[in-house]
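# Secondary and tertiary structure notes
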Amino acid sequence: MRVDSVNAGRAELMDLGRRTVTTGIRKTPVERGYVDTLGLVDDVVADKKHHGGPDQAIYLYSTEDYAWWADELAGQPEPGTFGENLTLSSFGAEPVRIGDRFQVGAALLEATAPRIPCSVFAKRMGEPRWVKRFAAARRPGIYARVLEPGEVAAGDPVERLDGGGEQPTIVELMDVWYDPEPSAELLERLLASPLAERARVDVERKLARVAA
């Protein structure tokens, strides 16, 4: 496993019909970058309500998942197309669990949440149905917190440390987002895991409804 690309974006305005937003979703490869506890230095996180922060500091996508999208999109997307900061060659053979750790170059990252697609992502892809299509693919990529800051560059080795043990997988957390009646047992397991704070708030709300 290796880093295939380090990607950074600049702030730009995007027209979403009745409103205009500032976004940094369009990311392009850079030679190298420094990852600190709030993300890739010099990358733009415009919507800080839904993105970024210590628990979702870095977004990862894999070249293997891009290869799967090649048939769906009539061509493999370039690194950074989905707005990821780091494009890894692979996430490994086993499903990624919340709490799994990745040594990426000099940085140590911990998986915390899946990417939940939004209207900005759909506009970036130029497809109105993209939100449903991306969700249905169940290849969300990984948000991660930074446990140890450090420099990363294309070609750096990646080691998966499997710190998640028997925690729920990233995809299970994504499924819960769309499930109107998730099981209380799964929600409780999610809350016992080191998931991102935004996801924790959502899971707590769902558990309160299930328990009512």
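So, here is what we can say about the structure in this document. Keep in mind that what you see is a predicted model, and the values were worked out from it rather than measured.

Attention now goes to the overall build of the protein. When you go through the protein residue by residue, the secondary structure sums to six helices and 13 strands. Radius of gyration (C-alpha) of the protein: 17 Å, near the 17 Å computed for a compact globule of 212 residues. Summarising its shape, the C-alpha atoms of the protein cover approximately 50 × 45 × 30 Å along the three principal directions. Out of the 212 residues belonging to the protein, those deemed buried represent 47%. The long-range fraction of contacts in the protein, counting pairs at least 24 apart against all pairs at least 6 apart in sequence, stands at 72%. Here the protein displays about 10,400 Å² of accessible surface, and carbon together with sulfur accounts for 50% of that area.

Read across the sheet, eight strands follow the order 4-1-8-7-11-10-9-13 without closing on themselves; strand pairing throughout is mixed. Each end of this open sheet is capped by a strand with a single partner; those strands are strand 4 (27-30) and strand 13 (158-160). In this sheet, neighbouring strand axes are inclined to one another by 35° on average, regardless of whether the strands run parallel or antiparallel. Relative to strand 11 (residues 142-148), strand 10 (residues 107-113) runs antiparallel, the two sharing five bridges. In the sheet register, Ala113 faces strand 11, and the bridge partner there is Tyr143. Packed on one face of the sheet, helix 1 (residues 63-73) meets strand 1 (3-9), strand 7 (58-62) and strand 8 (86-88) and runs near 55° to strand 7.

This next bit is on helix 1. When we look at burial in helix 1, the residues that qualify are Asp65, Tyr66, Trp69 and Ala70. Across the axial projection of helix 1, the buried residues extend over an arc of 165°, all falling on one side. Those residues of helix 1 hidden inside the fold are in contact with strand 7, strand 8 and helix 3 (130-137). Positive backbone phi, approximately 55°, marks Ala74, located one or two places after helix 1.

On to the sheet that holds strand 5 (residues 32-36). With respect to topology, three strands assemble into an open sheet ordered 6-5-12, the strand pairing being antiparallel. Of all strands in the sheet, those bounded by a partner on one side alone are strand 6 (39-40) and strand 12 (150-153). As paired elements, strand 5 and strand 12 share four bridges and run antiparallel to each other. For Gly33, the partnering residue across the bridge sits in strand 12 and is Val152.

Time to look at the packing of helix 4 (residues 170-178) against helix 5 (residues 184-191). At a minimum axis distance of 11 Å, the contact between helix 4 and helix 5 shows a crossing angle of 125°. If you check the angle between helix 4 and helix 5, you find them oblique. Crossing handedness for the pair helix 4 and helix 5: left-handed. Counting all contacts with helix 4, which are made through Glu172, Leu173 and Val176, the residues of helix 5 involved are Leu186, Leu187, Arg189 and Leu190.

Applying the stated criterion to the full structure yields 16 aromatic pairs. Aromatic pair Tyr59 and Tyr143: ring centres 5.0 Å apart, planes at 40°, arrangement tilted. In this pair, Tyr59 is assigned in strand 7 and Tyr143 in strand 11, connecting sequence segments 84 residues apart. Overall, Tyr59 belongs to the buried group, its relative accessible area being 2%. An aromatic cluster is built from Tyr59, Tyr61, Tyr66, Trp68, Trp69, Phe82, Phe121, Trp130, Phe134 and Tyr143, whose rings are joined through pairwise contacts. Across the ring face of Phe121, the terminal group of Arg115 is positioned such that the distance to the ring centre comes to 4.1 Å.

What counts, and where the lines are drawn
- Residues numbered from 1 in each chain as written.
- Predicted model: local features only at pLDDT ≥ 70, side-chain atom pairs only at ≥ 80, totals over all residues.
- Heavy atoms only, no water.
- Helix = DSSP H or I, 4+ residues; strand = E, 2+ residues; numbered from the N terminus.
- Rg over C-alpha atoms; globule rule 2.2 N^0.38 Å.
- Buried < 20%, exposed > 50% of the residue type's maximum accessible area, 1.4 Å probe, protein only.
- Contact = heavy atoms within 4.5 Å.
- Areas by Shrake-Rupley, 256 points an atom, 1.4 Å probe, with all protein chains shown as cover.
- Pairing = 2+ DSSP bridges.
- Axes fitted to C-alpha atoms, helices over the stretch in contact; angles between N-to-C directions.
- Arc of directions from axis to C-beta.
- Parallel < 35°, antiparallel > 145°, perpendicular 65-115°, else oblique.
- Left-handed = near helix turned anticlockwise from the far one by under 90°.
- Phe/Tyr/Trp six-rings, centres within 6.5 Å; stacked < 30°, edge-to-face > 60°.
- Lys NZ or Arg CZ within 6 Å of the ring centre and 35° of its normal.

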